[in-house]
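# Structure at a glance
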Amino acid sequence: MVLNDELVLPSQHVEEYYNAAGGCNAQNLLPLPVLAQHIIDISTIHANRIGVGYDRLIANGMAWVLSRLSIEMCGGWPGVNEVYALRTWVESYNRHFSERNIEITGRGGRLLGFARAIWMPIRVADRKGGSLDGIDELRHVVCSRPCPIDKAPKLTAVSREGDVDVSGYTFRYTDCDNNRHVNTTRYIELLLNQHTLDFYDHNLLERFDIAFHHESYFGQVAEVVTHNEGDGVYNAEIIGPEGVTTRARMRFGKWDFHPDGI
């Protein structure tokens, strides 16, 4: 894309969604993996609109990868049959990564939460870090719109002492995407599945942080370690043959969900 004085790039982008009953989780709410996928999708759409999407980066032998994601739902989650919207903008960037924010609103514009995403360019040939030098479009769309949630914390090794759960999982066909490695949302699903249905009936996710370290592939066996830190906080990591693939932190608040007819 060639920039000139007459070209104005959209600094923000909005997408609207409908939370159908068939897409809800067992508590009649929007599932976290679906929200995470929407965040990935709207980030991709906006990157394409401002000329820094797949076509631009692949011409330089690079592609975007999600490095970190933080989601904080201060106003609850979209419920069944609720229309909700995501708004995204670029907060900052440097040669190594781009910081992107997302606002989540529900019915009538009610504020539900925010997300922070860090995207990195990688070289496709060797899957190593790339450079955003020369991607001038980002300079023109950096937006001062505030994002009030804390930035992603540094996630350290999960303790094996105290209240710890360890389980194994073998990645399968439906875990993989078009890059032939495990999809981002599959890691999130695997982490959520370490808790029971009853747990989610009494604990509502308020903050989720995840950092991606290594890619996983079909047939690899992963170890999932979850440590109860107390006060509704759980640290977790997924470990593959090459070491830690992801680390995450989940903070829950108390609530009570009572399914109809049960």
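Just so you know, these numbers come straight off a predicted model, no measurement behind them. Along each chain, residues carry numbers from 1 onward, in the same order as the chain's sequence is written. Restriction of local features to residues with pLDDT of at least 70 applies here, the model being predicted, together with a cutoff of 80 or more for giving and counting side-chain atom pairs; totals for whole chains, interfaces and linings are based on all residues. Each side-chain value is derived from all of the structure's non-hydrogen atoms; neither hydrogens nor water enter the calculation.

### Considering the packing of aromatic side chains
Only Phe, Tyr and Trp rings take part, Trp by its six-membered ring, and two of them pair if their centres are within 6.5 Å. Stacked means planes under 30 degrees apart, edge-to-face means over 60, and tilted covers everything else. Counted according to the given criterion, the structure contains 10 aromatic pairs. Centre to centre, the rings of Phe171 and Tyr187 are 6.0 Å apart; their planes meet at 75°, and the pair counts as edge-to-face. Of the two residues, Phe171 sits in the loop between strand 6 (164-170) and helix 4 (184-192) while Tyr187 sits in helix 4, which places them 16 residues apart along the sequence. Each member of the pair, Phe171 as well as Tyr187, carries the same accessibility label: buried. Every helix listed is a DSSP run of H or I at least four residues long, and every strand listed is a run of E at least two residues long, numbered separately from the N terminus. Only protein chains enter the accessibility calculation, which uses a 1.4 Å probe; a residue is then buried when its area is under 20% of its type maximum, exposed when over 50%, and partly exposed in between.

### Some points on the sheet that holds strand 9 (residues 233-240)
Pairing within the open sheet is antiparallel, and its 10 strands lie in the order 1-3-4-5-2-7-10-9-8-6. Every interior strand has two partners, whereas the edge strands, strand 1 (12-19) and strand 6, have only one. The average undirected angle you get between the axes of adjacent strands in this sheet is 25°. By definition, two strands form a pair when at least two bridges between them are found by DSSP. Direction of pairing for strand 7 (residues 203-212) relative to strand 10 (residues 243-254): antiparallel, over a ladder of nine bridges. The residue of strand 10 that forms the bridge with Phe212 is Thr246. Contacts were defined at the residue level, with two residues in contact if any of their heavy atoms lie within 4.5 Å. What counts as an axis is a line fitted to C-alpha atoms, over the stretch in contact for a helix, and the angles between N-to-C directions run from 0 to 180 degrees. This element, helix 1 (residues 32-49), spans strand 1, strand 2 (62-72), strand 3 (82-93), strand 4 (98-105), strand 5 (111-123) and strand 7 of the sheet and lies at about 145° to strand 1. The strands that helix 4 touches are strand 2, strand 6, strand 7, strand 8 (221-230), strand 9 and strand 10; relative to strand 7, the one it contacts most, it runs at about 135°.

### A word on the confidence of the model for the chain
On a scale of 0 to 100, pLDDT captures the predictor's confidence in every residue. Of the residues in the chain, 96% reach a pLDDT of 70 or more, and the chain-wide mean stands at 93. Taken together, the stretch residues 1-6 has pLDDT below 50 and engages in 11 contacts with residues farther than four places along the chain or on a different chain.

### Looking at the environment of Ile188
Within the fold, Ile188 resides in helix 4. Residue Ile188 is classed as buried on the basis of its relative accessible area of 0%. In this structure the C-alpha to C-alpha distance between Ile188 and Ala248, which are 60 residues apart in sequence, comes to 8.9 Å. Setting aside its immediate chain neighbours within four residues, Ile188 contacts Leu32, Pro33, Ala36, Phe208 and Ile210.

### Focus on the packing of helix 1 against helix 4
At a minimum axis separation of 9 Å, helix 1 and helix 4 run at an interaxial angle of 160°. By the angle class used here, helix 1 and helix 4 are roughly antiparallel. Considering the relative orientation of helix 1 and helix 4, their crossing is right-handed. Contacts between helix 1 and helix 4 involve Leu32, Pro33, Ala36, Gln37 and Ile40 from the former and Thr184, Thr185, Ile188, Glu189 and Leu192 from the latter. Residues are sorted three ways: Asp, Glu, Lys and Arg are charged, Ala, Val, Leu, Ile, Met, Phe, Trp, Tyr, Cys and Pro are nonpolar, and all the rest, Gly among them, are polar. Broken down by class, the residue content of the contact of helix 1 with helix 4 amounts to six nonpolar, three polar and one charged. Oblique is the label for any angle not covered by the other classes, which are roughly parallel (under 35 degrees), roughly antiparallel (over 145) and roughly perpendicular (65 to 115). Should the near helix be turned counterclockwise from the far one by less than a right angle, the crossing is left-handed, whereas a clockwise turn marks it as right-handed.

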